[in-house]
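These are the residues of each chain, in order.
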Amino acid sequence: MSAPAPASAPIAASALLDFLAVRGGREFRVAACVLHGRGRRQEVREVGEYRFTVRGDAVQATGPSGQTRQLSRAGYLDIFGSYTFRGAEATGQMTDLGPLFG
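Residues numbered from 1 in each chain as written. Predicted model: local features only at pLDDT ≥ 70, side-chain atom pairs only at ≥ 80, totals over all residues. Heavy atoms only, no water.

Draft legend 1. Expanded view of the nonpolar core. Counting 20 residues, the largest nonpolar core has Leu16, Phe52, Tyr76, Phe80 and Phe85 as its most contacted members. Going through the elements one at a time, helix H1 (13–21), strand E2 (26–36), strand E3 (43–55), strand E4 (58–62), helix H2 (73–80) and strand E6 (84–94) are the ones with two or more residues in this core. In terms of residues, this core owes the most to one element, H1, which gives 5 residues. Ignoring any residue separated from it by four or fewer positions in sequence, one finds phenylalanine 80 in contact with Ala13, Tyr50, Phe52, Ala61, Leu71 and Phe85. (Core = buried A, V, L, I, M, F, W, Y, C linked by side-chain atoms within 4.5 Å. Buried < 20%, exposed > 50% of the residue type's maximum accessible area, 1.4 Å probe, protein only. Helix = DSSP H or I, 4+ residues; strand = E, 2+ residues; numbered from the N terminus. Contact = heavy atoms within 4.5 Å.)

Draft legend 2. Looking closely at the packing of aromatic side chains. As enumerated under the stated definition, the model contains 10 aromatic pairs in all. Aromatic pair phenylalanine 19 and phenylalanine 28: ring centres 5.0 Å apart, planes at 75 degrees, arrangement edge-to-face. Phenylalanine 28 gets classed as buried once you look at its relative accessible area, which sits at 3%. Seen in terms of ring centroids, phenylalanine 52 and phenylalanine 85 are 5.7 Å apart; in terms of plane orientation they differ by 85 degrees. Their pairing is edge-to-face. In this pair, phenylalanine 52 is assigned in strand E3 and phenylalanine 85 in strand E6, connecting sequence segments 33 residues apart. Across the pair, phenylalanine 85 and phenylalanine 52 agree in class, each one buried. An aromatic cluster is built from Tyr50, Phe52, Tyr76, Phe80, Tyr83 and Phe85, whose rings are joined through pairwise contacts. Over the ring of phenylalanine 19 we find arginine 23; its NZ or CZ atom is 3.8 Å from the centre of that ring. (Phe/Tyr/Trp six-rings, centres within 6.5 Å; stacked < 30°, edge-to-face > 60°. Lys NZ or Arg CZ within 6 Å of the ring centre and 35° of its normal.)

Keep in mind these values describe shape, not function.
Right under this line is the structure:
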């Protein structure tokens, strides 16, 4: 099993998807960030905390409002592809118990 992502290192949306896929069924909390501004004034701003789980080709995303959506991997990348994420932290929630029983 690979080590968890460092809390302060930015994670691209596609890299987060790969990170979650190898941990299928485990929910992770991350801070979504966007680049704001141009040139020297460019900064990274947090836009909210999301919780993600990947099971097979399905991505479950719960946003800051608490609304949960089921997305395909392509749908996830369409929505979150321009974001970076920080602080990938396991929430302790498991949505897929299949590996334990089978």
